[in-house]
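# Summary of structural features
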Amino acid sequence: MKTNDIRRKFIQFFESKQHTYVPSASTIPIGDQTILFTIAGMTQFKSCLTGEEVRPYKRATNAQKCIRVGDLDDVGKDGRHCTMFEMLGSWSFGDYYKKEAIQWAYEFSKDELKLDMSRFWATVHHSDDEAFAIWRTMGVPENRIVRLGDKDNFWAMGPTGPCGPCSELYLDQGEHVGQCYEKGLKCSGPGCDCDRYLEFWNLVFMQYNRQEDGTLLDLPMKSVDTGCGLERLTALIQGKTSNFDIDLFTKIKEKIIHTAGIKSPVNDISSQLKVSCNVIADHIRLLTFTLGDGANFSNEGRGYVLRRVLRRAVRHVGKLAPNWPKDKSFLENIVATVIDEMGEFYPEIIQNKARIEDAIRNEELRFNSTLESGLTKFQHFIEEAKLKNKKILSGENVFILHDSFGFPSDLTQILCEELGFKADLEGFKKHMQEQKERSRAEAKFYKFDQDDSTWIEFHPANPLSDKKFAGYNLVFNNT
Ligand code: ATP
Ligand code: MG
Ligand code: MG
Ligand code: MG
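Source: prediction; values computed, not measured.

## Describing the overall build of the protein chain
The helix and strand tally for the protein chain stands at 16 helices and 14 strands. Expected size for 479 residues packed as a compact globule is a radius of gyration near 23 Å; at 23 Å, the protein chain falls within 12% of this value. The dimensions of the protein chain, computed from C-alpha atoms along their principal axes, are 75 × 55 × 50 Å. Residues counted as buried form 43% of the 479 residues belonging to the protein chain. Taking contacts inside the protein chain between residues at least 6 apart in sequence as the whole, the part at least 24 apart equals 67%.

And the structure:
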């Protein structure tokens, strides 16, 4: 089964259970100050879950294009995180509850997708005896149902609003899969931060509305919100251990390799080059979809996130195609393939093709010229250090390169190492912190800090000014 077939099958299954199909919302949330991007299928249904809005349907299903920049650092390191992915979803707004949600997720996995249920595991919130008992009635053995705490099994989109305990579906990909195995460690089972036990579906039982002061009030009605990662599901069905090895990515990766002038097939390139290829494939999808939804590159907020994602992709182009001319865009060449693969379901990227390609080309060329002037500044700092008989680049210099020339600190570090120098990364962090504190303004809103995976306060007039909001980061794990 191909990715496109699985998406269709999911929607049809829930339509057959009287769910109304609702098209994907934009990746750019409209009228929601609390998030920069749409991070889950439920984003567009928030008001239905709180009861503020009543729609003609009580059951919904869809495939939502999601952006989670908080997962950026995992891309390439593990096989299960993308920064842009599709979430298949089903909802009950005060209609059915735990029993049907669990039953249908199990039935779809077992009977429709024919997943190997001998490798199946479920998790429930440690307090949720009801969900535990329902899994038992499905025939899942007791020792395959794991009770986990808030970190894994309590879901909320933000510091306030609808939330509740959840139950997740996992498949064991085998003892030779995952980072624990690679490091010779024993994997602790579902909930371990490694690829072996793959979480593919989250069933959230929305029953609380969290208030500003943290108290949990009962919602006027109990609802269900489920989210299932299309790329992960497809990988399981296609027998792959990485999202990036599913059919949807094949042509995109081939195009990247071909453009880079590499003659060998994608599967034969070194593992380091594979990481670069996956990162580029991931980032170009994010850029195609967000630019297609009207976002722009800029120096603050959302546009700054896009800028950083593009720069990261360009650095990986440097690894894959070191001789790529700096006055030509590499990334714009890949957009058409992403559109060929995904445009049928998301026609907005077809309609906005020229806009997407133009924006990516301009930004990439702009970054290349910044990089050149940054390199000149870097050389200047090195000469200064040499004059002082120092083999270390100061935190202030690393900060200036970051702040004014867009040099990520790890790039500066690599350049330093090549010359037998060290970069003072501790000092750099101090300068970053000072800058954050300088721009800290009266905070009124909360948003998820995609870098630090924690909630921060921000001022709408200056979305980059931030202040850690320590109270919730243990409870809210979902980016
Ligand atoms: P993980 O623990 O693996 O980071 P999560 O618990 O953060 O996943 P949820 O918020 O529960 O994920 O989202 C519902 C589903 O969406 C997950 O079960 C998974 O299938 C999928 N998903 C979440 N994050 C990603 C991602 N970065 N890339 C691809 N699929 C994802
Ligand atoms: Mg999880
Ligand atoms: Mg989850
Ligand atoms: Mg996550």
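## Focus: the site of ligand 1
Surrounding ligand 1, one finds 17 residues, the nearest of these being Asp71, Phe85, Asn202, Gly227 and Gly229. Looking at the shell around ligand 1, the elements that each hand over two or more residues are β3 (84-92), β8 (197-210), β9 (216-229) and α7 (230-237). The biggest single contributor to the shell around ligand 1 is β8, with four residues.

## Examining the confidence of the model for the protein chain
When pLDDT is averaged across the protein chain, the result is 90; 91% of the residues are at 70 or more. Ignoring residues within four places in sequence, the model shows residues 441-448, a span with pLDDT below 50, making 31 contacts including any to other chains. Scored below 50 in pLDDT, residues 450-479 makes 76 contacts in the model with residues more than four places away or belonging to other chains. Two numbers describe this predicted complex: its pTM, 0.85, and its ipTM, 0.99.

## Some words on the domain arrangement of the protein chain
With domains assigned, the protein chain is organised as domain 1 (3-237) and domain 2 (246-367). Relative placement of domain 1 and domain 2: their C-alpha centres are 28 Å apart. Listed by partner, the interface residues are 18 residues for domain 1 and 21 residues for domain 2. In terms of residue class, the side of domain 1 that touches domain 2 is made up of eight nonpolar, seven polar and three charged.

## Quick word on the pairing of β9
Where β3 lies against β9, six bridges are found, and the strand directions are antiparallel. Looking across to β9, one finds that Gly89 is bridged to Gly227. When β8 meets β9, the two strands line up antiparallel, connected through nine bridges. Residue pairing across strands places Phe205 opposite Val224, the latter belonging to β9. The antiparallel pairing of β8 with β9 creates a hairpin that spans five residues between the two strands, and Gly214 there sits at a positive phi of about 95 degrees.

## Observations concerning helix α3 (residues 98-112)
Its 15 residues place the ends of α3 20 Å apart at the C-alpha level, agreeing with the 21 Å of an ideal helix rising 1.5 Å per residue. Regarding α3, the residues found buried are Lys98, Ala101, Ile102, Trp104, Ala105, Tyr106, Phe108 and Ser109. In the core, the buried residues of α3 are packed alongside α1 (3-15), α4 (129-137), β7 (161-172), β8 and β9. Immediately downstream of α3, the backbone of Lys114 shows phi near 55 degrees, a positive value.

## Things to note about unusual backbone geometry
One non-glycine residue with positive phi stands out, namely Gln18, at about 65 degrees. Relative to the helices and strands, Gln18 is located in the loop between α1 and β1 (20-21). Overall, the presence of 12 C-beta atoms within 10 Å leaves Gln18 in the exposed class. A positive phi is found at Lys114, a non-glycine position, where the angle reads about 55 degrees. Secondary-structure assignment places Lys114 in the loop between α3 and β4 (120-125).

## Comments concerning the nonpolar core
Grouped together as the largest cluster of nonpolar side chains are 105 residues, with contacts concentrated most on Ala105, Ile284 and Ala313. For this core, the element with the most residues is helix α9 (residues 271-292), which contributes nine residues. Three or more residues apiece are contributed to this core by two domains, here domain 1 (3-237) and domain 2 (246-367). Ignoring sequence-local partners within four residues, the contact set of Ile284 consists of Ala313, Leu331, Ile334, Val335 and Val338. Counting ten residues, the second largest nonpolar core, distinct from the first, contains Phe378, Leu393, Phe399 and Ala423.

## Remarks on helix α15 (residues 409-418)
All of the buried residues in α15 are Leu411, Thr412 and Cys416. Axial view of α15: buried residues confined to an arc of 135 degrees, hence all on one face. Among the exposed residues of α15, those oriented more than 90 degrees off its buried face are Asp410, Ile414, Glu417 and Glu418. One or two positions beyond α15, positive phi appears at Gly420, with a value near 75 degrees.

Quick notes on the rules
- Throughout, residues of each chain are indexed from 1 in the direction in which the sequence is written.
- Each chain is given a letter, starting from A, and each ligand a number, starting from 1, according to the order in which they appear as written.
- Local features in this predicted model are restricted to residues whose pLDDT is 70 or higher, and side-chain atom pairs enter the listing and the counts only when it is 80 or higher, whereas totals over whole chains, interfaces and linings include all residues.
- Strands here mean DSSP runs of E at least two residues long; helices mean DSSP runs of H or I at least four residues long; both are numbered from the N terminus.
- When we talk radius of gyration, it's over C-alpha atoms, and the globule rule is simply 2.2 Å times the number of residues to the 0.38.
- Buried, partly exposed and exposed are defined by the number of other C-beta atoms within 10 Å of a residue's own C-beta, namely 20 or more, between the two limits, and 12 or fewer respectively, with C-beta atoms placed from the backbone.
- Here contacts are defined at the residue level, using C-beta atoms placed from the backbone and a cut-off of 7 Å between them.
- Placing the C-beta atom from the backbone, one calls a residue near a molecule or strand if that atom lies within 6 Å of it.
- For every residue, the predictor assigns a confidence score, pLDDT, that lies between 0 and 100.
- Residue ranges assigned to each domain were obtained from an automatic or database domain assignment.
- Note that Gly is not counted as nonpolar here; it falls among the polar residues with everything else outside the nonpolar set of Ala, Val, Leu, Ile, Met, Phe, Trp, Tyr, Cys and Pro and the charged set of Asp, Glu, Lys and Arg.
- Here a strand pair is declared whenever DSSP counts at least two bridges between the two strands.
- By this rule, a helix spans an expected 1.5 Å times one less than how many residues it contains.
- We define a nonpolar core as a collection of buried residues of the types Ala, Val, Leu, Ile, Met, Phe, Trp, Tyr and Cys that are connected via C-beta atoms lying within 7 Å of each other.
- Regarding the arc, it is the one traced by the directions from the helix axis to the C-beta atoms.

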